[in-house]
Every structure is written in C-alpha cells, then in structure tokens.
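Fold and geometry: a report
What follows is each chain in one-letter form.
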Amino acid sequence: MEIEIWQAIVLGIVEGITEFLPISSTGHLTITEKLMGLPIDDPAVTAFTAVIQIGAIAAVLVYFFKDITRLAGAWFKGLFSAEARQIFDYKFAWYVIAGSIPIGIVGFAAKDLITGPLRSMWFVAGSLIVWSGVMAFAEYAATQVRGEKQLRLTDTIVIGFAQCLALIPGVSRSGATITTGLLRDIDRVTATRLSFFLGVPALVAAGIYELPEALGSPTVTATSLIVGTVVSFLVAYASIAWLLKFVAHHSLMAFVWYRVILGGAIIALLATNTISAT
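Labelled according to an unreviewed UniProt entry, the chain appears under the name Undecaprenyl-diphosphatase, originating from Catellatospora chokoriensis. Database annotation for the chain, UniProt heading Catalytic activity (unreviewed entry): "di-trans,octa-cis-undecaprenyl diphosphate + H2O = di-trans,octa-cis-undecaprenyl phosphate + phosphate + H(+)". Regarding the chain, the UniProt comment filed under Function (unreviewed entry) reads as follows: "Catalyzes the dephosphorylation of undecaprenyl diphosphate (UPP). Confers resistance to bacitracin."

As structure tokens, this is what we get:
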C-alpha cells in the first residue's frame, strides 16, 4: 500500500502542528495513520514519519537562525580562544551537544522496540494519559526561578535523558523536555527554547537514518516524502511562533487536559473494538 499525496499532506500537517507542542507528534501521527488505513507497524511508514520531521526541524533552523548562528560562532571561537570559552554562548552550545547525546544512543539501541511493540495504540493511549500526570505535577511544583543564563550542564544532560522518553509514542519529546525543565526550576519559556535546540540534532539524525528505509519500500515514494516534508516545514514554523507566545503567558494545563481526553477516547475505541491496536 503506497502512501498517497493527500495522505502525505495530512501527515505533514499533523507533524508540523504536533512536533513542538507537548501532545506527542508520534502519537498523533500513529493515530492519523491508523485512521487513514496505513499499517502503523510497517517499518516504512515509521521511517516516513521520521523523515518528514526534518521539515519541522528546518522550521526551527529558520526561526532561530540568528540564535543558532550566534551559538555556532561562539562555539567555534571557543575552540581556539580561552577568552571566548568564558562566554555563555560557548558553554550553552556545549550544553546542547551534551544533551543531544543520550537520545542518539538510546534511540539506536532500542530501534526494534520502538518500531515494534511500542507502536500499539494501547501504548499511545496509556502514554498520553500517564505523562499528562507528570506534566500537571511539574506545573504545580515548578518555581521557574532560573532563566537561560542560569542553565547548567547538568540541566541539559538530565533533560537530554528525559528526551529519550519521547521514543515511546504518546509521551511527546517537547512534553518530556519542557516538563523536566520545569521540574528543575527552569522557567517555561527557557525550557521551551531549550526543547527546540535539543530537537535539532536528534530529529535530523533520526530522519537521515530512516531515509534509506523509507525510500527502499514500495510504500513510500520520493514525491510523498518531499510533499510531507515541505508541508511539515510550513506548518511547524507557524506552530513554533504560536507556542513561544503561548507558554509566555499560559501553563501547560490546556495540553494536559487535551492529552487525557484523547487518551481516554482511544481507550474507549479500543475497548469497543471500533479500532484495532495495530
């Protein structure tokens, strides 16, 4: 069964909207694939969703272009200058690099598990609900007393390990990273920005790694990949701008309730055999 252009467009829209919102892009993509009749346990379909994430990451690169070039420049200068190594941007660049390592290791080691049993709709529903409780607790317990300049290497490493939880469909990469940031008393906007930066190396690596799998299957065509990626980029850019404005003035509780309702609805559909788990 080949992914058609209209399906690629729909998946690109879903990816673009959900990649950076704390509601689980993988979970929503799995649900959408299921509703469209695509085999969610097909490695090629999983690879397709990983590849179109590159569009969302491209949106981050464009949106934060000035920040990223500033950090890259500071990091490069710091490699050759002791004085430049005292600048926070140099340290922050290393923080992002260090925080990106855990998901690379865990993602590669657990690839068969992620593309297999964890693609079950029961796991998606359960993860949506369970992690909602963690998010709600983080909002309740967070002091948000530390901003970007107060970040430490320990923070990004801990958040980097938390990012690994996003390999479970339904948890949400942004949900895991932002929530962990709040639990470490980092303010919501800083935690959200850090989530974007940590997502760049992780998602680009995943997309490149899965590209041969996607193109090597009759399920996926180069055209569908291009369409899905471009749509993902356009929608994700708007989503990034909206989320940064939202978290500056609102808590994550709206996302918590949305996740609980969606997870409950999936469980009801599964329990009544309206949809199958795989």
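Counting secondary structure elements, the chain contains 12 helices and zero strands. From first element to last, N terminus to C terminus, the chain shows the α and β order α-α-α-α-α-α-α-α-α-α-α-α. Here the C-alpha atoms of the chain give a radius of gyration of 18 Å, agreeing with the 19 Å that 2.2 N^0.38 yields for 278 residues. Along the first, second and third principal axes, the C-alpha atoms of the chain reach 60 × 40 × 35 Å. Across the 278 residues in the chain, those meeting the buried criterion constitute 54%.

Counted according to the given criterion, the structure contains eight salt bridges. One salt bridge in this structure joins Arg70 and Asp89, with 2.7 Å as the shortest N-O distance. One end of the pair, Arg70, is in helix H4 (residues 65-78); the other, Asp89, is in helix H5 (residues 88-109), with 19 residues separating them in the sequence. A network of salt bridges, in which partner residues are shared, links Asp67, Arg70, Asp89, Glu148 and Arg193.

This next bit is on the layout of surface pockets. What the second largest pocket holds in volume is close to 260 Å³. Lining the second largest pocket, in full, are Leu61, Ile68, Leu71, Ala72, Trp75, Ala93, Val96, Ile97, Phe197, Val200 and Pro201. Among the elements of the structure, H4, H5 and helix H10 (188-215) are those that each provide at least two residues to the lining of the second largest pocket. It is H4 that provides the largest number of residues to the lining of the second largest pocket, a total of four residues. Of the residues that constitute the lining of the second largest pocket, the class distribution is 11 nonpolar, no polar and no charged.

Attention now goes to the environment of Ala93. As for its placement among the helices and strands, Ala93 is situated in helix H5. With 104 residues separating them along the chain, Ala93 and Phe197 place their C-alpha atoms 9.4 Å apart. Ala93 has contacts with Leu71 and Trp75, leaving out every residue within four places of it along the chain.

Now for unusual backbone geometry. A positive phi is found at Gln144, a non-glycine position, where the angle reads about 55°. Inspection of the secondary structure puts Gln144 in the loop between helix H7 (121-141) and helix H8 (153-163). With a relative accessible area of 28%, Gln144 lands in the partly exposed category. Even without glycine at this site, Ser172 takes up a positive phi of about 95°. Note on placement: Ser172 falls in the loop between H8 and helix H9 (173-183).

A few words on helix H12 (residues 253-271). Helix length check: H12, at 19 residues, gives a terminal C-alpha distance of 27 Å against a target of 27 Å (1.5 Å per residue), a fit within 8%. Taken together, the buried positions of H12 are occupied by Phe255, Val256, Arg259, Leu262, Gly263, Ile266 and Leu270. Angular distribution of buried residues about the axis of H12 spans 135°; they occupy a single face of the element. Residues of H12 that are exposed and point more than 90 degrees away from the buried face comprise Trp257, Ile261 and Ala271. Buried residues belonging to H12 abut helix H2 (25-35), H7 and helix H11 (222-247). Positive phi shows up at Asn273, right after H12, with a value of about 60°.

Here is what the cut-offs are and how they apply
- Residues numbered from 1 in each chain as written.
- Predicted model: local features only at pLDDT ≥ 70, side-chain atom pairs only at ≥ 80, totals over all residues.
- Heavy atoms only, no water.
- UniProt positions renumbered as here; feature names shortened; annotations may be inferred.
- Helix = DSSP H or I, 4+ residues; strand = E, 2+ residues; numbered from the N terminus.
- Rg over C-alpha atoms; globule rule 2.2 N^0.38 Å.
- Buried < 20%, exposed > 50% of the residue type's maximum accessible area, 1.4 Å probe, protein only.
- Salt bridge = Lys/Arg side-chain N within 4 Å of Asp/Glu carboxyl O.
- 1 Å grid on protein atoms, 1.4 Å probe; cavity = no way out; pocket = protein on both sides within 12 Å on 5 of 7 lines; lining within 4 Å.
- Points joined across faces, edges and corners; volume = space filled by probe spheres on them.
- Nonpolar A, V, L, I, M, F, W, Y, C, P; charged D, E, K, R; others polar.
- Contact = heavy atoms within 4.5 Å.
- Expected span 1.5 Å × (residues − 1).
- Arc of directions from axis to C-beta.

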